[in-house]
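As a plain string of letters, each chain reads:
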Amino acid sequence: MKFNELQTTRTKNAKRVGRGIAAGQGKTAGRGTKGQMSRTGSKKKPGFEGGQNPLMQRLPKLHGFKSHKVPTETVYTGDLDAVTAKSITATTLAEAGLVSSPYVRVKLIVKGELTKKHDVKLSGASATAIAAVQKAGGTFEKVDRLARPASQKKED
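Not measured: the values here are computed from a predicted model.

K.L.:
Sorry if this is basic, but what is going on with the overall build of the chain here?
P.N.:
Scanning the chain from terminus to terminus reveals three helices and six strands. Helices and strands appear in the chain in the N-to-C order α-β-β-α-β-β-β-α-β. Across its three principal axes, the chain shows a C-alpha extent of roughly 95 × 50 × 35 Å. Considering only contacts in the chain between residues 6 or more positions apart, those separated by 24 or more positions represent 43%.

K.L.:
Explanation requested: the packing of aromatic side chains in the structure shown.
P.N.:
Pairs of aromatic rings are described using the distance from one ring centre to the other and the angle between the two planes. Summed over the entire model, instances satisfying the criterion amount to zero aromatic pairs. Between the NZ or CZ atom of Lys 111 and the centre of the ring of Tyr 76, over which it lies, the distance is 4.8 Å.

K.L.:
Teacher, can you tell me more about the sheet that holds strand E1 (residues 72-76) here?
P.N.:
Sheet strands pair by backbone hydrogen bonding; their relative direction is either parallel or antiparallel. Pairing within the open sheet is parallel, and its three strands lie in the order E1-E3-E5. Where the open sheet ends on each side, the last strands, each with one partner, are E1 and strand E5 (124-125).

K.L.:
Help me understand the side chain of Thr 77 in this model?
P.N.:
Relative to the elements of secondary structure, Thr 77 occurs in the loop between E1 and strand E2 (87-88). With relative accessibility at 0%, the residue Thr 77 sits in the buried group. Of note is the side chain of Thr 77, whose polar atom sits 3.0 Å from the backbone oxygen of Gly 112. Excluding residues that lie within four positions of it along the chain, Thr 77 makes contacts with Leu 108, Ile 109, Val 110, Lys 111, Gly 112, Glu 113, Leu 114 and Ala 129.

K.L.:
Looking at this structure, I do not really get the nonpolar core. What am I missing?
P.N.:
Considering soluble globular proteins, one finds that nonpolar side chains tend to be buried as a cluster. Grouped together as the largest cluster of nonpolar side chains are 16 residues, with contacts concentrated most on Val 75, Leu 80, Leu 93, Val 106, Leu 108, Val 120 and Leu 122. Mapped onto this core, the elements with two or more residues apiece are helix H2 (90-96), strand E3 (105-109), strand E4 (119-122) and helix H3 (127-135). Those residues in contact with Leu 93 that sit more than four places away from it in its chain are Val 75, Leu 80, Val 83, Ile 88, Leu 98, Val 99, Val 106 and Leu 122.

K.L.:
Sorry, what's going on with the sheet that holds strand E6 (residues 139-142) here?
P.N.:
Reading across the sheet, the three strands line up as E2-E4-E6 and stay open at both edges, with parallel pairing between neighbours. Taken across any chain shown, the strands that pair with only one partner, and hence form the sheet edges, are E2 and E6. Sheet topology note: the E4/E6 ladder contains four bridges and is parallel. Paired with Lys 121 across the strands is Glu 141, a residue of E6.

K.L.:
Please clarify how the pattern of salt bridges should be interpreted in this entry.
P.N.:
Two side chains with opposite charge may pair up if their charged atoms get near one another. A complete count under the given rule lists one salt bridge for this structure. Across the pair Glu 49 and Arg 58 runs a salt bridge whose closest N-O atoms are separated by 3.2 Å. Judged by relative accessible area, which is 32%, Glu 49 ranks as partly exposed.

Definitions and cut-offs
Residues numbered from 1 in each chain as written. Predicted model: local features only at pLDDT ≥ 70, side-chain atom pairs only at ≥ 80, totals over all residues. Heavy atoms only, no water. Helix = DSSP H or I, 4+ residues; strand = E, 2+ residues; numbered from the N terminus. Contact = heavy atoms within 4.5 Å. Phe/Tyr/Trp six-rings, centres within 6.5 Å; stacked < 30°, edge-to-face > 60°. Lys NZ or Arg CZ within 6 Å of the ring centre and 35° of its normal. Pairing = 2+ DSSP bridges. Buried < 20%, exposed > 50% of the residue type's maximum accessible area, 1.4 Å probe, protein only. Polar contact = N/O pair within 3.5 Å; in protein donor to acceptor, adjacent residues only side chain to side chain. Core = buried A, V, L, I, M, F, W, Y, C linked by side-chain atoms within 4.5 Å. Salt bridge = Lys/Arg side-chain N within 4 Å of Asp/Glu carboxyl O.

So, in structure tokens, the structure goes:
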């Protein structure tokens, strides 16, 4: 049997650091003398860049970054009497010109008096707006935003 033909498994024992001068890893135990990583319990969170604003926080602040979130538009209770439909949805509000599109989130907020009875079906409303609608004899139902239809791709 030759030395290079031995079938052994290599095991490397962990270094026992901080056990005195003779152990080879004494005193500072390979951490250096002072600084951020020399103390016990020191660890940096992922993405830490030494106090500089990390990349994941910088990116949204850069030029040309656009949020693709559909904005919420507000409608006031005083504007609802101008709508002729009995059931008020985002579509009827868009037809009346109170919101830009039937596909946006619409939230009802109290501002002005509500005199007519309406069945309101919107994405959201304040608690006082719901109370105002019910006081006028109507109802409020929370519904999801109307999904924009998928566009048809042109075939060659």
